[in-house]
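# Reading the structure
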Amino acid sequence: MKHIPLVDLKAQYAAIKNEVDNALRSVIRDAAFVGNRNNPYVRAFEEAFASYLGTKHCVACGNGTDAIEIALKALGVGKGDEVIVPALSWISTSEAVSNVGATPVFVDIDPRYYTMDSAKIEDKITAKTKAVMPVHLYGQPAEIDAIIKIAKKHGLFVIEDCAQAHGAEYDGKKVGTFGDAAIFSFFPGKILGAYGDAGCIVTNDEALEEKCRLIANHGQIKKGEHLEEGRNSRMDGIQAAVLCAKLPFLDKWVFARRNVAKIYGENLSGSGIVIPEERPRGKHSFHLYVIRIKHRNAAKEKLAKAGIDSGIHYPVALPFLKPYEKFGYSEKDFPAARAAISEILSLPIYPELKKKDLLHITKTLADIAKHE
Ligand SMILES: *Cc1c(COP(=O)(O)O)cnc(C)c1O
């Protein structure tokens, strides 16, 4: 029986082997391993990615979680401050807030699009609120114009968590270009992935860029001169070179992912399975293809028996995780996130996914749904 994984990085490598191998060889030849201010590979990626998005600046760093912490610190968010985050995301979103000494304040998700429910943000704003951090979850853009409007009204910073949304758009503009700053992760399984951990912060604000750059590299402005204490969170030369080699394929990959999503949608409609909806003003980049299905755990097992991997993103909503028990939330506080976590199921999606395998998945799923 053929095994269909959730993502297939080996297939991707096979398709771009020459580009990647050459990139790796050059970094090794030049011994350009550490991403300090002089690393040509890291600087080249920063320029290329900023230009791809249409932002002025990009600061490469060690990973997406660090990128959030660095952006928050650079904006002066810390002890005693609150940051509004969605109830459904990967833990980095709230963890980074806690790690700078601030408090994450969760807001429920929109049950239809899974991103932060903008109608519920204002209820959560207090005198301590400093920033709102929408997540473009699964590749679906958050309702960013409404969020920016609320943030402006209350004098809050907006940091976009674009870790799952490379190439996604809202009103024809790339996500990551709307807030005061945005962060991306290049974890290998993300839409644009490195060959290890990597991340970046993007912004149009030059002072903020410089501040992030200082924080990410020990506060060092030049050899022997440290303006402040920072940390070590630099992107490796190897990761930057791999990302440079991959970036020219990003739009093609997003197109292919959207095509996989389209085929899923066509073949699953009418099956009783809830398929993901694209926000009318958004362009979904489908990092994940998340359906909703009753008896989800049984469906997941039946898929596994047919050789099909699936995932749950995420099995527990953030407010219900152990580190946040101290806030004393109940399930009634986040009804949409609570309802979603028991039914969501992520199906295999990657540019190299074969039509035949895709149809095997949809047929298996339709069978499962019919016998429920
Ligand atoms: C992956 C991810 C991150 C963090 O990225 P790392 O590079 O793994 O640290 C942050 N937010 C979200 C929503 C993510 O999916």
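Summarised in this report is the structure supplied together with it. Being a predicted model, the structure only gives us computed values, none of them experimental.

Neighbouring residues of the ligand: 14 residues in total, closest G64, T65, D161, S185 and K190. G64 places a polar main-chain atom, nitrogen or oxygen, 2.7 Å from an oxygen atom of the ligand. Contacts to the ligand include S185, whose side-chain N or O atom sits 2.7 Å from an oxygen atom. If the ligand stood free it would expose 380 Å²; the protein chains cover 93% of that surface. Under a 2 Å grid-point criterion requiring more than half of the atoms, the pocket assigned to the ligand is the largest pocket. Contributing elements (two or more residues each) for the shell around the ligand: α4 (64–74) and α5 (92–99).

The antiparallel open sheet is built from 3 strands, whose spatial order is β7-β6-β12. At either end of the open sheet lies a strand with only one pairing partner, and these are β7 (173–174) and β12 (282–283). One ladder, built from 2 bridges, connects strand β6 (residues 169–170) with β7; its direction is antiparallel. Residue pairing for β7: E169 is matched across the bridge by K174.

With that settled, the discussion passes to the sheet that holds strand β8 (residues 181–185). Within the open sheet, the 7 strands sit side by side as β1-β9-β8-β5-β4-β2-β3. Their pairing is mixed. Every other strand in the sheet has two partners, leaving β1 (57–61) and β3 (103–107) as the edge strands with one partner each. Averaged over all adjacent pairs, the angle separating strand axes in this sheet is 25 degrees, with direction ignored. Two strands pair when backbone bridges link them, and strand β2 (residues 82–86) and β3 are joined in this way by 5 bridges, in the parallel orientation. Along β3, the bridge assignment pairs E82 with T103.

Both faces of strand β14 (residues 344–347) are covered, namely the face carrying I344 and S346 and the face carrying L345 and L347. Bridge count for strand β13 (residues 289–292) against β14 is 4 bridges, and the pairing is antiparallel. By the bridge assignment, R292 is partnered in β14 with I344.

A word on the packing of helix α2 (residues 17–30) against helix α8 (residues 237–246). Axis separation between α2 and α8 bottoms out at 9 Å; the angle between their running directions is 150 degrees. As far as their axial angle goes, α8 and α2 are roughly antiparallel. Relative to α8, the crossing made by α2 is right-handed. Residues E19, V20, A23, L24, V27 and I28 of α2 pack against G237, I238, A241, V242 and A245 of α8. Taken together, the residues that form the contact of α2 with α8 break down as 9 nonpolar, 1 polar and 1 charged.

Summed over the entire model, instances satisfying the criterion amount to 18 aromatic pairs. Geometrically, the ring pair formed by F320 and F334 is edge-to-face, given 6.1 Å between the ring centres and 70 degrees between the ring planes. Of this pair, F320 sits in the loop between α10 (296–305) and α11 (335–341) while F334 sits in the loop between α10 and α11, and the two are 14 residues apart along the sequence. On the accessibility criterion, F320 (22% relative accessible area) is partly exposed. With a relative accessible area of 0%, F334 lands in the buried category. One aromatic cluster in this structure is built from F106, F320, Y324, F327, Y329 and F334. Taking NZ or CZ as reference, K174 lies 4.7 Å from the ring centre of Y52, over its face.

Taken together, the side chains of I28, F33 and V34 make up a nonpolar region of the molecular surface, amounting to roughly 270 Å² of accessible area. Here F33 is to be found in the loop between α2 and α3 (40–53). A residue is classified by how much of its surface remains accessible, and F33, at 38% relative accessible area, is partly exposed.

Calculation criteria
Residues numbered from 1 in each chain as written. Predicted model: local features only at pLDDT ≥ 70, side-chain atom pairs only at ≥ 80, totals over all residues. Heavy atoms only, no water. Near = heavy atom within 4 Å. Polar contact = N/O pair within 3.5 Å; in protein donor to acceptor, adjacent residues only side chain to side chain. Areas by Shrake-Rupley, 256 points an atom, 1.4 Å probe, with all protein chains shown as cover. 1 Å grid on protein atoms, 1.4 Å probe; cavity = no way out; pocket = protein on both sides within 12 Å on 5 of 7 lines; lining within 4 Å. Sits in = over half its atoms within 2 Å of the grid points. Helix = DSSP H or I, 4+ residues; strand = E, 2+ residues; numbered from the N terminus. Pairing = 2+ DSSP bridges. Axes fitted to C-alpha atoms, helices over the stretch in contact; angles between N-to-C directions. Buried < 20%, exposed > 50% of the residue type's maximum accessible area, 1.4 Å probe, protein only. Parallel < 35°, antiparallel > 145°, perpendicular 65-115°, else oblique. Left-handed = near helix turned anticlockwise from the far one by under 90°. Contact = heavy atoms within 4.5 Å. Nonpolar A, V, L, I, M, F, W, Y, C, P; charged D, E, K, R; others polar. Phe/Tyr/Trp six-rings, centres within 6.5 Å; stacked < 30°, edge-to-face > 60°. Lys NZ or Arg CZ within 6 Å of the ring centre and 35° of its normal. Patch = residues over 30% accessible without salt bridge, like charges linked within 9 Å, V, L, I, M, F, W, Y side chains within 5 Å. Salt bridge = Lys/Arg side-chain N within 4 Å of Asp/Glu carboxyl O.

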